[in-house]
Structures are given as structure tokens and as C-alpha cells.
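# Structural overview
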Amino acid sequence: MSQLSERPEKPVVGVSMPHESASLHVTGTALYTDDLVHRTKDVLHAHPVQVMKAHGRITALRTGPALQVPGVVRVLTIEDVPGVNDAGMKHDEPLFPEEVMFHGHAVAWVLGETLEAARLGAAAVEVELEELPSVLTLKDAIATSSFHGINPVMAAGDTEAGFAESAHVFTGEFEFSGQEHFYLETHAALALVDENEQVFIQSSTQHPSETQEIVAHVLGLSSNEITVQCLRMGGGFGGKEMQPHGFAAIAALGAKLTGRPVRLRLNRTQDMTMSGKRHGFHARWKIGFDAEGRIQALDATLTADGGWSLDLSEPVVARALCHIDNTYWIPHARVEGRIARTNSVSNTAFRGFGGPQGMIVIEDILGRVAPLLGLDPMELRERNFYRQGQTTPYGQPVTHPERISAVWEQVRANGGLADRKRQIAAFNAAHPHTKRALAVTGVKFGISFNLTAFNQAGALVLIYKDGSVLINHGGTEMGQGLHTKMLQVAATTLGIPLHRVRLAPTRTDKVPNTSATAASSGADLNGAAVKNACEQLRTRLLQVAATQLGAGAADVRIVEGIARALGSDQELAWDDLIRTAYIQRVQLSAAGFYRTEGLHWDVKKFQGSPFKYFSYGAAATEVEVDGFTGAYRIRRVDIVHDVGDSLSPMIDIGQVEGGFVQGAGWLTLEDLRWDTGDGPHRGRLLTQAASTYKLPSFSEMPEEFHVTLLENATEEGAVFGSKAVGEPPLMLAFSVREALRQAAAAFGPAGVSVDLASPATPEAVYWAVQAARGGEVRRDGRTLDAGGEPVRTTALSHA
């Protein structure tokens, strides 16, 4: 086992413990970015000047009326930017636009003594607009060829030959919705300028280093003149990876120009109408199977709704392509990715980062065609699992493919699926207007950033003379428990009790050039960097202890704060060891660093090994559907998930539960709607509050919820043998949607194929039930669409 993966005697990692800020969270004493306003003097408040049109060119912007409003101090416009007027990394997101690109686009910002003064000032700003045609939907973008960014193609094998050899070929289309992040804390920033003109920004950001970089180029300054700190976030889910930068830049610009602190916090409606969401996708596909139901070939085009600017759409589409296979081997594949340009908010990272959008396509295909192949959906999925020695369509060998079957079989056993399926069949036979179904789906999710350069991290660990330890790392805490794990990693590596270690807020003047806390890699990257720094310190301390104990350094162990030499009764307490090291002038601080090894990726060929490893999981979900209304409830969920050797089991189980529920929300409840008519409100987000955008709540939780972490699953080459946990569990929720599909099909004749919308709201389920009741069953060797209808443009003989 590698040094990175090996665990020492009596480790603190692997011990279940609560979140390090749990007591602060539940008592309301945890501080978030906007809480700091009340501790800051003379703060100005920023409010956006939003234009409520989907697309148009600004012909006049008059700020004079705003300055007449009592309490308004300044209006920020494009003329005030000393550096680059852009809030993105692609230089396609003007901070102060001259062309309105979506309904609610902010074209200026008002600074006021109070938020109400700023609001009234923003309302007084006069904007004249020459309206332009707008593209709002994916279908319209595809029809008008409104695209931007790269157009990647992933290819493996020979798809023409694969289809020619297929006994069954199906084609279909599938469009599915995006998702609102709906973090508890909206976007927020607080900027101050000190006496040396140093800009200090408190920001609710997942990527402090990039926030620093964007603010620097807007202000025309160097990065060493900007410091960004993130105390913690009240949720991020990817929505605070790229999108906080512009808001931080507005606050910093205002502070620089006025000399006063500037606070910017979006209210919920502003946050929902101005910030990006999970990309909705359109998929067009063709798939071939052999006579036994094994996938032979796949040809697909995935089109993402990028919104008005690129943001992170290119890597999102790349990851979608890399995950369309999920747990299934596809010997012949050609998958193309496109990014639609629409007049809506610029869509961005969201938990899973394109992985869910790729994986739902293959899961939807298998769910739709299983009845047409005369196979149980579970059996169809099992027949196509990856086996040892097989590679993905982009050329990466699938490591530990046996875990795909291992988690699947454990779910089957834990959930007693065989007995329950018989009980469900009996229930359905006795209840004509209510049906139950049980579905199982799996997950294979690649861990690492697609952009290889992001797979690095730094840390700074300090030991003080009293033996207390302070760690700094580049990851941000958004409630996921990263800081808790880092404390456990540091305590384990140094061999001391957890209470001796404290963690400092994430800030750019302690650890530079950090990557975003994203791609589920926060613990992998930062944990390895913290471990590296602590190992440097431990190596120095072992030399000191060896001298004191009269032994060789290789024979000294530090366990639970006591240094001992092998074969000796002599001991040296941690505090005494540190004091001795200080007196001997031994350095008691260390900067750690880690880079993920073994990654290579050719973005042009779309081939390589972009992921360090794969995380696996399986979920079985039982649902009950009312045939009159389409209303449903989740009766039971059983999950087995692979997190390697867990760093913190309680934290990881919570992440699995939360990810699953958030995924179920995306797939069944959360229905984003825009006004696509030609009236005066064209382009307006209609679901801009919790009253109109339905989120999962206690009533949507499974009545029984069983989560198990896969045992004996050490991941070689990862910190203390652990695996990432943030994103992969979200895709376990595919089992909910597939169970709803099967329940709807149970209202129709045996073998009927059901097309189910996403999100599968009760309304969508109702229409699926109605379609199933009138459904026809077709099962032959002809090319069929996903509804079982013959495709007349293609004629393939039965292989």
C-alpha cells in the first residue's frame, strides 16, 4: 500500500464524528459572509439595476435620477472600471454589459447608505433599450443553429459496424430540465480597502483564488493586492464556483472608488433570476443491441443549454460525454457534444457537473427499451455492466469493475428485493388504481477535474510552542464536512488528539493558486496536501524525539500525543516534544502540496485517462403511484455506496443521503419554467421563489431510508484509502425515476414502453400512466423509436 493510503496506529480518520461546526449551525452562531456586515462600520449597500427584457441593445443609461434619491452615494457603470470589464474566465461576460442578454440582466449597480436607498436608486435609473430577437428554448436554439464554444466528439470502435451487427436498433429523443441550486445562503460579498490600498474581500465562493484573479483584472491590479477569504458557505452545489466572481468584483470596485466597505447580497428572487443553474440538455440517440440485450453501438448528440455566456459549459459537456456510459460497456460509440446559446442566465456548475446529464441519457434509454427487448430492466442493466479489462469510450481502463456488481448484489440482499418484487406483483394485481414498482440503478462516476491543471492543492500547517496546531488549506467549507475531514487527516498524520488541531478560514494569502472546491475532489486534493505538510513536520519531530529517547528516528512512533521508541518504555509527551524542537530551532511550520498523478487527457482527440479513479454505488427505490392523479410517494430506498475507506463515516453517510434527495428533486419535482410567449414578459423566469419552485421537503423523504458504505474498499493512491463522496450519490436518484416509469407501465399491458418526462412531476407521471393504459406492445427486429414505433427511414434486418 502506498504511503498516501496507509493508515497509522489508532487513526482519527475513520471515526464517526459530527461536523466541526455542527453546534454553531444549530445554535445560529455560525458566521456567514453577510453576517460580517454588522461587525463593519460605514458599510455601503449595493443593488442591481436590472433590465427586464430578454435581449436588447442599451441606447441610453441615465444615472442622474438615482443620485437625487436620498441615501444614494454612487452609481457604478462601465465608465468606472479601471481594468477589464469582464467577470468570467472566457472574457465573454461583461461586468457592465452594453447588450442585455437575459431577462433581469444587471447593467449598473447603485451604492446606498442603506439597502432600501440603493433599491430606490436602482429603480430611478433610466435605461433605454433597442429590443432584439431572443432565443429562449433548446429546441429553438437547435433549430436556428444558435451555438457557442467547442463541439467535442467522443468516438470508440466502429459504430456503423456495430449497428450492422445489432439484432435490435432503437432511436429516440429526450429533453430534460435544469435545476436551481437553491443554497440557503444567496450570493454575497463584502469588500474593504485598507490604508495600503490592499483590497480584502469576504466572499461566499467555492473558488477564492479565481475570485481573486477576476477582481484583480477588473480593478487593474495584481493578485498580491487582493485577498479573498471564505469563512463558510450556506451551501454551494457548484453555483458558487464561477458565479460569485462578478459580485465580488462589484463590491471591490465600489469599495475602491468610495473608500468605504461595500456589501452585496442578492435576495432570493435576484439570486434565482440572475445566477446560472444546472444545464438542461437535449439528447438525440440511436442504440443497437445484440439478441441477448447487450449494447453493441451508440450514436448520440448531447446539446446543453449554456445560456448567454460560456461560463463552465465546455467542461460540463465534456464530463457529460465522459459519463454517458455510466456502468455499461459500449464497444462502439460516437457521441457529439454541443452548447446552445440562449437568452437566459448563464448556466454553470451543479453537483455532478454534467455527469448526471450524461448518465440519465443511457439510463433513460435502458428504461424505455427494456420492455421492447422483453427483459426486466434490472436484468438488462446487469447484462451490460463493465467487466475486467474493458475501457470507456474515451479510452480509460475501468478499475475495480467488480465493485459495480458488488454494490448491486449488496443492495439486492440488503433490500430483500426478490421477496419484495413478488409482494409488489401481488399488490398491483389487487389494486387497479394504485401501482407499486421497484427499480435499481447504479453509478460509476469519475473523480478528478477534467482540466488536469486543476488537480493540485496546497496547505499550510503551523505548530505553536504550546503544542497546538493550526491548519490552512485551499478548500472551502459549504456544509459538506471538508474541514472536519481535514482536521481528522492532520490529527492522524501528526499522531495527536483531534482537540489539539484547529482550522483557519480559507484565504488566498495563506494558500495561493488553489483550485475550486468542486469535482468531488476537495478531500482528495486538500487532504493529501495537509497530509504532506504534516508529514514534513512529523519527520522533523521524529528526529528530535529519537535524540531524546535514545533511538533511531525510524523506530519512533507518535500515537495519541505520545512519542515512544519501539521496544522501550520511555515516553515523550507531545507538548514536551514541541518545546524541545523549538529550543533546538527546528522549523515548526510546513507548506504542503499535492498533485494527482497518473492523469492524461487529449482534449482534441477526446481520449485519455482524465480520472484518478471511479466511485461506485447502487440504489433500489420502491414507489407507489396513484393512477387518478399521478401523485406518488417513495416507500423505501436502499443504497450501498463506495467511498473507499471513509475518512469520516457520519459525514459521508450524510453526503450520500443529501445527494440522493437533491437528485430526486432534480428528477421529480424541480421544474424550471420561463415565459416563452411573445408578450412583454418574454424570457422572465416564472419559478423564482420557493412558492413556485418545488423543492424536496420532509414529505418527499423516503419512508424507509437505508444507507450502507461499501466495506473493504480501500482506494490505493488516495488519502488514507478514501474516496470522494460529494457528487456521485446524486445519480443514485435515477432509481426513483426508473421506479416511477415502471409503476406507470404497470397500469398498461405487460411489455409496454413508457416515455417519462424529466422532471417526473405528478403531472408528468399522470400522462405517462395515461399513455401506458393505451399503449401497444411492439417487439420485433425492426428499428423502433423509444415508444416502440417503427422508424421508417432506416431498415435493419434481424441479426
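The structure contained in this document is the topic of the report that follows. (Residues numbered from 1 in each chain as written. Predicted model: local features only at pLDDT ≥ 70, side-chain atom pairs only at ≥ 80, totals over all residues. Heavy atoms only, no water.)

Before going further, it helps to spend a moment on the environment of V461. For V461, the location among the structural elements is in strand β17 (residues 456-463). Among the residues examined, V461 registers a relative accessible area of 0% and is labelled buried. Spatially, the C-alpha atoms of V461 and K605 are 41 Å apart, while their sequence positions differ by 144 residues. Among all residues touching V461, those that are not within four sequence positions of it are V469, L470, I471, V530, A533, C534, L537, L588, S589 and A590. (Helix = DSSP H or I, 4+ residues; strand = E, 2+ residues; numbered from the N terminus. Buried < 20%, exposed > 50% of the residue type's maximum accessible area, 1.4 Å probe, protein only. Contact = heavy atoms within 4.5 Å.)

Contact geometry for helix α10 (residues 355-369) and helix α18 (residues 734-745): axes closest at 11 Å, N-to-C directions at 25°. As judged from the angle between their axes, α10 and α18 are roughly parallel. When the axes of α10 and α18 are compared, the crossing they make is right-handed. Along its contact with α10, which presents P356, M359, I360, E363, D364, G367 and R368, the element α18 presents F734, R737, E738 and R741. Classifying every residue of the contact of α10 with α18 by side-chain character gives 4 nonpolar, 1 polar and 6 charged. (Axes fitted to C-alpha atoms, helices over the stretch in contact; angles between N-to-C directions. Parallel < 35°, antiparallel > 145°, perpendicular 65-115°, else oblique. Left-handed = near helix turned anticlockwise from the far one by under 90°. Nonpolar A, V, L, I, M, F, W, Y, C, P; charged D, E, K, R; others polar.)

Attention shifts here to the layout of surface pockets. Reported here for the second largest pocket is a volume of approximately 710 Å³. As for the second largest pocket, its lining consists of 28 residues, and the residues nearest its centre are E175, F176, S177, D671 and L672. Elements represented by at least two residues in the lining of the second largest pocket include exactly α4 (138-143), β8 (168-176) and α19 (762-773). Its residues placed into classes, the lining of the second largest pocket shows 9 nonpolar, 11 polar and 8 charged. (1 Å grid on protein atoms, 1.4 Å probe; cavity = no way out; pocket = protein on both sides within 12 Å on 5 of 7 lines; lining within 4 Å. Points joined across faces, edges and corners; volume = space filled by probe spheres on them.)

Let us look at the pattern of salt bridges. Throughout the structure, instances matching the rule amount to 53 salt bridges. A salt bridge links D364 to R737; the shortest N-O distance between them is 3.0 Å. Of the two residues, D364 sits in helix α10 while R737 sits in helix α18, which places them 373 residues apart along the sequence. Residue classification places D364 among the buried residues on the basis of a relative accessible area of 0%. With a closest N to O distance of 3.8 Å, R737 and E738 form a salt bridge. Beyond isolated ion pairs, a larger network of salt bridges with shared partners links E363, D364, R368, R381, R737, E738, R741 and D755. (Salt bridge = Lys/Arg side-chain N within 4 Å of Asp/Glu carboxyl O.)

Take empty space enclosed by the protein next. Empty space among the atoms becomes apparent when a probe as large as a water molecule is rolled across them. This model, assessed by the stated rule, comprises 5 cavities of 30 Å³ or more. For the largest cavity, the calculated volume is near 340 Å³. As for the largest cavity, its lining consists of 20 residues, and the residues nearest its centre are A87, E93, F247, M274 and W308. Contributions of two or more residues to the lining of the largest cavity are made by β5 (105-112) and α7 (244-258).

Once that is clear, we can look at the side chain of T484. Within the secondary structure layout, T484 lies in helix α14 (residues 482-494). For T484, a relative accessible area of 2% puts it in the buried group. Sequence-distant contacts of T484, that is, excluding residues within four places in its chain, are made with M17, P18, H19, E20, S648 and I651.

Moving on, we come to the sheet that holds strand β27 (residues 613-626). Ordered in space as β16-β27-β28-β29, the 4 strands form an open sheet in which the pairing is mixed. Of all the strands in the sheet, just β16 (434-447) and β29 (704-709) have a single pairing partner and so form its edges. Geometrically, the sheet is characterised by an average inter-axis angle of 15° between neighbouring strands, direction not taken into account. (Pairing = 2+ DSSP bridges.)

Further remarks concern the pairing of β16. Among the 14 residues in β16, 13 count as buried, and that is most of the element. Bridging between β16 and β27 involves 14 bridges; their strand directions are antiparallel. Residue G442 lies in a different strand from β27, and its bridge partner there is A618.

Look at α14 against helix α15 (residues 522-549): their axes get within 9 Å of each other, and the N-to-C directions meet at 25°. If you check the angle between α14 and α15, you find them roughly parallel. Note on packing geometry: the crossing formed by α14 with α15 is right-handed. The segment α14 lies against α15, with L482, K485, M486, V489, A490, T493 and L494 engaging G522, A523, N526, G527, V530, K531, C534, E535, L537 and R538. For the contact of α14 with α15, the per-class residue count stands at 9 nonpolar, 4 polar and 4 charged.

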